[in-house]
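Observations on the model geometry
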Amino acid sequence: MKKILFTIIALCSTLSVGAQNELQTAVLHHDGETQVFTGRNAFVNANAAAVDGDVITLSAGTFNIADITKSISLYGAGFEYNNETGTQKTSLIGTLKIGVSGQTLANVHIEGIYTHQLTAVAHLEGFVLNKCQVLNEITLSRNTNSTISNCQMYDVKSMDEQSINCLIKNSHSRGSINRFGAGSTVTLDHCIVEWCVGRCTCTNSIFLNYDAFKDAHGATVTKCIIYKKIENNGSNTFTDCWEVNPSNVFTDVEEGMGSDEYTPTRTFELQQPETWIGTDGQEVGIRYGWSKVPNSIALKNVTTTVSGNNLNVTYTK
């Protein structure tokens, strides 16, 4: 009896300390009802309980990862901390896998998340990745009507499988965007890509690597800032582009920093915004339409209190 009493006291003490600190929380929204999961496995448990059409909202914090195999929407608090906007950071540590091999998965929406890698193993339809940071590769596999927007990432590719109507906009890539299968239709708009691009339609974007188009065969580049044209026997076409030395593009390059390198404080303000105007009448580059603040209601100040045998979870929106 004493041992049980001690265990209860120890548990209450732990929860009391936890009440003064934020707690990882996942809220599962299903048909107007909500279910709350807490702790490092909160996303794992909410994901297991979810069905097609459900929404999972994560607080700031670091969560264990799980494969997404259902048509769900996942919202986090943001991919990096920003005091000015009040954005916090939700991290899923590891490789976020989407789908089941050999199957089709539709309408998965992921927003406001930081993760190490994202790999689609299913044919994706209507996939949306918005305001996320993926440290390493994004592998889409075969996909239709996918959108990547307001993201910061490394490589984006489909491993030579077909990408139909894939749009990548207002995003920054530290690596390459290529390896799309024959017949793919991939559009880059208002992006910055540090390395190479492949068979893409590029508009209003910035490519400052000397060899940006060396591996591209069939790229169409319009109203973009580039370092150098590489036509590859006429397969790439350049229309109304500006060939500019990288040091003459941005106003906020710090000493020792690559001209197009990403940092959380970069604004990527252009030196000649009135000259470098894109197909839509806006300045080229990432600034037009760029936002890192998730559209979801972020869970903030998540705390716990103990009332009798109940654990109460409170948070602010």
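Worth saying up front: this structure is predicted, and the values here are computed from it rather than measured.

The rules behind each value
Residues numbered from 1 in each chain as written. Predicted model: local features only at pLDDT ≥ 70, side-chain atom pairs only at ≥ 80, totals over all residues. Heavy atoms only, no water. Helix = DSSP H or I, 4+ residues; strand = E, 2+ residues; numbered from the N terminus. Buried < 20%, exposed > 50% of the residue type's maximum accessible area, 1.4 Å probe, protein only. Contact = heavy atoms within 4.5 Å. Areas by Shrake-Rupley, 256 points an atom, 1.4 Å probe, with all protein chains shown as cover. Pairing = 2+ DSSP bridges. Polar contact = N/O pair within 3.5 Å; in protein donor to acceptor, adjacent residues only side chain to side chain. Core = buried A, V, L, I, M, F, W, Y, C linked by side-chain atoms within 4.5 Å. Phe/Tyr/Trp six-rings, centres within 6.5 Å; stacked < 30°, edge-to-face > 60°. Lys NZ or Arg CZ within 6 Å of the ring centre and 35° of its normal.

**Quick word on the overall build of the protein**
Along its length, the protein carries two helices and 31 strands. Within the protein, the fraction of its 317 residues that count as buried is 49%. A fraction of 30% describes how many contacts in the protein between residues 6 or more apart in sequence connect residues 24 or more apart. Within the structure as shown, the protein displays about 14600 Å² of accessible surface, and the carbon and sulfur contribution to it stands at 47%.

**Structural notes on the sheet that holds strand 8 (residues 104-106)**
The four strands lie next to each other as 8-11-15-19, forming an open sheet whose pairing is parallel. The two strands at the open ends of the sheet, each matched to only one other strand, are strand 8 and strand 19 (163-164). Relative to strand 19, strand 15 (residues 143-144) is paired through two bridges, and the arrangement is parallel. Bridging from a neighbouring strand, Asn143 pairs with Ser163 of strand 19.

**Describing the side chain of Thr203**
Take Thr203: it is sitting in strand 24 (residues 201-203). Polar side-chain contacts of Thr203 include one of 2.6 Å to the side chain of Asp189. Those residues in contact with Thr203 that sit more than four places away from it in its chain are Leu188, Asp189, His190, Thr222, Lys223 and Cys224.

**Quick look at the nonpolar core**
Within the largest apolar cluster, 57 residues are counted, with the highest numbers of intra-cluster contacts made by Ile56, Ile110, Leu129, Ile168, Leu188, Phe207 and Phe213. For this core, the secondary-structure elements that each account for two or more residues are strand 1 (25-30), helix 2 (42-49), strand 3 (55-58), strand 7 (87-98), strand 10 (114-120), strand 20 (166-169) and strand 22 (186-189). When residues no more than four places from it in sequence are discounted, the contact partners of Ile110 are Ile68, Leu74, Leu96, Ile98, Leu118, Phe127, Val128, Leu129, Asn130 and Cys132. Of all hydrophobic cores here, the second largest spans 16 residues; its members include Tyr114, Ile192, Trp242 and Trp276.

**Topic: the environment of Gly198**
Mapped onto the elements of the fold, Gly198 is located in the loop between strand 23 (192-193) and strand 24. Between the C-alpha atoms of Gly198 and Asn236, which are 38 residues apart in sequence, the distance is 9.9 Å. If near-sequence neighbours (up to four positions away) are discounted, Gly198 is found in contact with Ile177, Asn178, Ala216 and Ala219.

**Details of the packing of aromatic side chains**
According to the stated counting rule, one finds four aromatic pairs in the structure shown. Relative to Phe213, the ring of Phe207 lies with its centre 5.4 Å away and its plane at 65°, an arrangement referred to as edge-to-face. Each member of the pair, Phe207 together with Phe213, is buried. An angle of 90° between the planes, with centres 5.1 Å apart, marks the rings of Phe213 and Phe238 as edge-to-face. Of this pair, Phe213 sits in the loop between strand 25 (206-207) and strand 26 (220-222) while Phe238 sits in strand 28 (residues 237-239), and the two are 25 residues apart along the sequence. Taking relative accessible area as the criterion, Phe238 reaches 14% and is therefore assigned buried. Through pairs of rings, three or more aromatic residues link up here, namely Phe207, Phe213 and Phe238. Taking the ring centre of Tyr114 as reference, the NZ or CZ of Lys89 above it sits at 4.2 Å.

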